[in-house]
Amino acid sequence: MCRTVGELTSERVYVSLLGRSAWALVNTYYAVVRETEYRPDTVSIAVEAPFSGRAGAVSEAVRAISEHNGFSPEIECIPVDQGDVVDVFSKVHALMVSKKREGAKVALDITPGRKAVVAGTLLPIKLDDVDHVFYLEISTTRDVAKPYQMIPRQYHTLHDFKAEAVRARDGD
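Residues numbered from 1 in each chain as written. Predicted model: local features only at pLDDT ≥ 70, side-chain atom pairs only at ≥ 80, totals over all residues. Heavy atoms only, no water.

**So, the side chain of E76**
Part 1 of the reasoning: As for its position among the elements, E76 is in strand β4 (residues 74-80).
Part 2 of the reasoning: Since its relative accessible area comes to 2%, E76 is described here as buried.
Part 3 of the reasoning: A polar contact is formed between the side chain of E76 and the side chain of S44, at a distance of 2.6 Å. (Helix = DSSP H or I, 4+ residues; strand = E, 2+ residues; numbered from the N terminus. Buried < 20%, exposed > 50% of the residue type's maximum accessible area, 1.4 Å probe, protein only. Polar contact = N/O pair within 3.5 Å; in protein donor to acceptor, adjacent residues only side chain to side chain.)

In structure tokens:
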């Protein structure tokens, strides 16, 4: 089950935004764990009220993926008001910035979030506020509501927009 947001200390934080598709959150998390070296100590999931019924199942999936890969993060939920950019900013952005100030590595997954939640999270950030901004691009909408490993490889690409932005800025 998803814990209520609290005062967790962490060296690596993974923030995700639960929207309409639980598969989008679970599959992006799986892709990050499988394709990168990022292993969070804490997974924070921003949850809008209409999707709160999925939070438990999503938390269990995150826990199972993590344990299968040899680590066990704390999982917490951050309730956010539906479509409220200001509420998302005050809760999610504040969490990311405070964790970064404490010295944690911070990763943000924008894949599953609805536009207002993603906007409330992304608009105020600077490149130094986060270490990763993950997005799992899936080039089709046909038959993708299933586990990551069952979606043909040619249909998905994991992006780290932070790394891509830094490369573009630095001219690499």
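Don't stop here, the text continues.
**Thoughts on helix α2 (residues 55-68)**
Part 1 of the reasoning: Here α2 contains 14 residues, and its C-alpha end-to-end distance of 20 Å stays within 8% of the 20 Å for a straight helix at 1.5 Å per residue.
Part 2 of the reasoning: Along α2, the residues that are buried comprise A55, G56, V58, S59, V62, I65 and S66.
Part 3 of the reasoning: Taken together, the buried residues of α2 touch β2 (12-18), α1 (22-35), β3 (42-48) and β4.
Part 4 of the reasoning: In the stretch just after α2, G70 is the one whose phi turns positive, near 85 degrees. (Expected span 1.5 Å × (residues − 1). Contact = heavy atoms within 4.5 Å.)

**Things to note about the side chain of S66**
Part 1 of the reasoning: Among the secondary structure elements, S66 is positioned in helix α2.
Part 2 of the reasoning: Engagement of the side chain of S66 in a polar contact is seen with the backbone oxygen of V62, the distance being 2.8 Å.

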